[in-house]
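# Inside the fold
Chain by chain, the residues:
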Amino acid sequence: MVDPILSSQSAMTDVSLNAAITTVVTAASFVSSSIQLSETEAWVQPTIFIMDPVLNFFSFAMLARVVLSWYPKIKLSEMPWAIVALPTEPFLRIVKGVVPPAFGVDITPVFWLAISTFLHEILLGQQGLLIMKIKYGI
């Protein structure tokens, strides 16, 4: 006949042993993930620090070019407009031959605005690749 007290103690020992093993495995995986996180932060954090303002400025500049394209009499070589025109013009020249005007309107700034917004979201958005790399070490 099986002693109920002994069997309950044996079951409790098994449960506590399983809990201890689970704790050790969890602690080991936490240590390995924190080591991995410290390795990835060495290059990811500076990349984010540089890419975020650059992509934001580029998106803003392209949005300004879209608005400026509505006013064709504005001379982009004059000072207040040159701040936006000079950094964006090389990018627009690359695509002007490939992307034709739509209904007589140059849509190359819209193209670059879409590209920069997409890159910002994919790399630096809330679920972006670099953000996930920092959070989870992916």
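Scroll up for the structure.
This text gives an overview of the structure that appears in the document. Predicted model, so just to flag it, every value in this text is computed and none were measured.

### A look at the side chain of Thr88
Mapped onto the elements of the fold, Thr88 is located in helix H2 (residues 79-96). A polar atom in the side chain of Thr88 sits 3.0 Å from the side chain of Arg65. Not counting residues up to four positions away in its chain, the partners in contact with Thr88 are Ala61, Met62 and Arg65.

### Some points on the packing of aromatic side chains
In total, this model carries 4 aromatic pairs according to the counting rule given. Pairing Phe58 with Phe91 gives two aromatic rings, centres 4.8 Å apart and planes at 75 degrees, and the pair type is edge-to-face. Residue Phe58 is located in helix H1 (residues 4-68), and its partner Phe91 is located in helix H2; the two are separated by 33 residues in the primary sequence. A relative accessible area of 15% means that Phe58 is categorised as buried. Looking at Phe91, the relative accessible area reads 33%, which means it is partly exposed.

### Let's talk about the layout of surface pockets
Within this model, the largest pocket holds a volume of roughly 170 Å³. When grouped by side-chain class, the residues that make up the lining of the largest pocket number 7 nonpolar, 1 polar and 2 charged.

### Quick word on H2
For H2, which comprises 18 residues, the first-to-last C-alpha distance of 24 Å matches the rise-based estimate of 26 Å (1.5 Å per residue) to within 8%. Of all the bends in H2, the greatest, near 45 degrees, is centred on Glu89, and the proline Pro90 appears no more than four residues after it. Turning to H2, its buried residues number three or more, namely Ala82, Val84, Ala85, Thr88, Glu89, Leu92 and Val95.

### Some details on the environment of Pro109
With respect to the helices, strands and loops of the structure, Pro109 is situated in helix H3 (residues 108-124). Residues Pro109 and Glu89, spaced 20 residues apart in sequence, show a C-alpha to C-alpha distance of 9.5 Å. The contact partners of Pro109, leaving out residues within four places of it in the chain, are Met62, Arg65, Val66 and Leu92.

Rules used in this analysis
- Residues numbered from 1 in each chain as written.
- Predicted model: local features only at pLDDT ≥ 70, side-chain atom pairs only at ≥ 80, totals over all residues.
- Heavy atoms only, no water.
- Helix = DSSP H or I, 4+ residues; strand = E, 2+ residues; numbered from the N terminus.
- Polar contact = N/O pair within 3.5 Å; in protein donor to acceptor, adjacent residues only side chain to side chain.
- Contact = heavy atoms within 4.5 Å.
- Phe/Tyr/Trp six-rings, centres within 6.5 Å; stacked < 30°, edge-to-face > 60°.
- Buried < 20%, exposed > 50% of the residue type's maximum accessible area, 1.4 Å probe, protein only.
- 1 Å grid on protein atoms, 1.4 Å probe; cavity = no way out; pocket = protein on both sides within 12 Å on 5 of 7 lines; lining within 4 Å.
- Points joined across faces, edges and corners; volume = space filled by probe spheres on them.
- Nonpolar A, V, L, I, M, F, W, Y, C, P; charged D, E, K, R; others polar.
- Expected span 1.5 Å × (residues − 1).
- Bend = angle between axes of the 7 residues up to and from the residue.

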